[in-house]
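As a plain string of letters, each chain reads:
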Amino acid sequence: MSLGVIMVMLDGTVVSIANPVIAQDLKASLSDLQWVTSGYLLALAVFLITAGKLGDLFGHKRIFLIGVAGFALSSLAIGLSSSVGMLIGLRVLQGLFGALLQPAALALLRVAFPGERLKTAMGAWGGIIGLSSAAGPIVGGLLVENVSWQSVFFINVPVGVVALAMGLWVLTESKAQTLSKVDWLGVVLLSVAMFSLVWAIIKAPEWGWGDPLTIGFLAAAVVIGAVFVWWQARAAEPLLPLSLFGNASVSIGTGLMMLVAFSMFGAMFFLTFFFQGVHGLTPLESGLRMLPMSAGMIVASPLAAVLIGRLGARVTIAGGMLVTAVAMFMMSRLSLDAAFMDSGFPFLLLAFGLSPVFVGATEIIVGNAPEDLSGVAGGVQQSAMQVGGALGTAILGAIVSARVADVYPDHWAQAKLPALPPEQFEGLEKLATFGGAPTAQQMPGIPEQLVQGIANVSHLSFLDGMHLGFVVSTAVAVLAAVFALFVKAGRKTDDAPIHMG
């Protein structure tokens, strides 16, 4: 199960290292690169709950193995992409197969580790999720620098083959005993509502937040979401039984997963551009800058499971989010000449901050759900994480881009650089949103001192935008810490939903 989910989690973060190279190779814009990440996360988010229901109905082992095979094959196709449009489309397909993997794996864990043993298993599970997410930039850096950006997808093929073979041999089938059909109307309503929400937020920077299209999609998300809730209360076998959220901890755990993913994925999206664009590091060097987070996850996730057992979920998760907030705030203070330890220590803090949330929120959601709904509960947990990541990438991306556009003319004026034709100036401003700057070769006939001045303006502008993004992430982490204080431990039974005492 771990092998399958490692593929999904790696591909959620490994692409960030490859983004600058993909932009050059496929002539991709910042919006295109956001879709390479957000399209994958959106597909996961839209389909995860449905995938969990399919596992409950047809068997989690069967759905898991289909997901492994499809993920490996779509990864192979992505590596053969010849255009950014083709790449984005295949990333969406890859996300759909990834959605089949995760809820099924969590449901199989629930069966394999009953009772209190689940907490320990979730500690290991959290370590796998955290480590594979954090290792993505390092693996991506090694592959992009020494092979190609395509290789970050090709690597999924042998991993998928091994996971498929082991799954056929080791896993025992598990499915619900009381469910008999899929709520297809619920599938359609939920999918359309979630797509409308994330699409509106991703496109809002381009359309404008007050544009009728943006408002229309947001309104559609609210209206269709309300219809979905109405239908779930009346369907004979609903896609997402509302009774699942009768346990307050399940609801709070879902919210926590969204907030922590918003903060993590949204902030990390721009760190790659900071390391490679502003600092001029290679993909491998960028990945090594994130090594403290990878190493910290190995220790932090099992430790988080122990702390949750001793201190309880409320204190441990709230403490983890406060540590995350401190790390994010430290990231907002990074300077142009930040050394390894300037970013290394905040990364280490992030490992010890995020791990309790990943472990605790997962155990709260999946462990408190009735066993017949374990697949749906796994889908809810993973869907919350992916929706939060997609929203974080979109919203923080819009905030950073807007900030860069706002301060770029001021930095240009302060540097006393000469006026340029509007079209050329706009192109340089757009380049700055990547943390990039023109080189002397790209601006022939321009004095080298002027080129250096333009590069300094671009880097300062990007830094201002990134700082604001991390400040917002800090605020979100503090909000999540407050949210975690309302978590309570529910009493579990083997055959009934859990309600708060």
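This is a predicted model, so every value here is computed, not measured.

Regarding the overall build of the protein chain
Phase 1 of the analysis: When helices and strands are tallied, the protein chain shows 17 helices and 0 strands.
Phase 2 of the analysis: Put simply, 83% of the contacts in the protein chain that link residues at least 6 apart link residues at least 24 apart.

A word on the confidence of the model for the protein chain
Phase 1 of the analysis: Averaged over all residues, the pLDDT of the protein chain is 80; the fraction at 70 or higher stands at 88%.
Phase 2 of the analysis: The lowest-confidence element of the protein chain is helix α5 (residues 117-146), averaging 71 in pLDDT; the highest-confidence one is helix α9 (residues 212-232), averaging 93.
Phase 3 of the analysis: Note that residues 490-501 has pLDDT below 50 and, in this model, 20 contacts with residues that lie over four places away or in other chains.

A word on the packing of aromatic side chains
Phase 1 of the analysis: One pass over the structure, following the stated rule, counts 7 aromatic pairs.
Phase 2 of the analysis: On the numbers, 6.5 Å between centres and 45 degrees between planes, the contact of Phe-275 with Phe-347 is tilted. Taken together, the residues span a long stretch of sequence, with Phe-275 in helix α10 (residues 248-278) and Phe-347 in helix α14 (residues 340-367) at a distance of 72 residues. For the pair formed by Phe-275 and Phe-347, the shared burial category is buried.
Phase 3 of the analysis: Considering the side-chain rings of Trp-412 and Phe-425, the 5.1 Å spacing of their centres and the 80 degrees angle between planes classify their relative orientation as edge-to-face. Here Trp-412 is found in helix α15 (residues 374-414), whereas its partner Phe-425 is found in helix α16 (residues 422-432), with 13 residues between them in sequence. Of the two residues examined, Trp-412 and Phe-425, each falls in the buried class.

Section: unusual backbone geometry
Phase 1 of the analysis: The residue Lys-416 is not glycine, and still its phi comes out positive at about 55 degrees.
Phase 2 of the analysis: When you line up the elements, Lys-416 lands in the loop between α15 and α16.
Phase 3 of the analysis: Its relative accessible area of 76% is what places Lys-416 among the exposed residues.

Let's talk about the nonpolar core
Phase 1 of the analysis: Membership of the largest hydrophobic core comes to 145 residues, with the highest contact counts inside it found for Leu-271, Phe-274, Met-293, Phe-347 and Leu-350.
Phase 2 of the analysis: Counting residues per element, this core draws most heavily on α10, which supplies 18 residues.
Phase 3 of the analysis: With residues near it in sequence (within four places) discarded, Leu-271 still touches Met-290, Met-331, Leu-334, Phe-347, Met-466 and Phe-470.

Side note on the pattern of salt bridges
Phase 1 of the analysis: This model, assessed by the stated rule, comprises 1 salt bridge.
Phase 2 of the analysis: Between Asp-406 and Arg-403 there is a salt bridge whose closest N-O contact spans 3.7 Å. Of this pair, Asp-406 and Arg-403 both sit in helix α15, 3 residues apart, which is roughly one turn of that helix.

What counts and how
Residues numbered from 1 in each chain as written. Predicted model: local features only at pLDDT ≥ 70, side-chain atom pairs only at ≥ 80, totals over all residues. Heavy atoms only, no water. Helix = DSSP H or I, 4+ residues; strand = E, 2+ residues; numbered from the N terminus. Contact = heavy atoms within 4.5 Å. pLDDT = per-residue confidence, 0-100. Phe/Tyr/Trp six-rings, centres within 6.5 Å; stacked < 30°, edge-to-face > 60°. Buried < 20%, exposed > 50% of the residue type's maximum accessible area, 1.4 Å probe, protein only. Core = buried A, V, L, I, M, F, W, Y, C linked by side-chain atoms within 4.5 Å. Salt bridge = Lys/Arg side-chain N within 4 Å of Asp/Glu carboxyl O.

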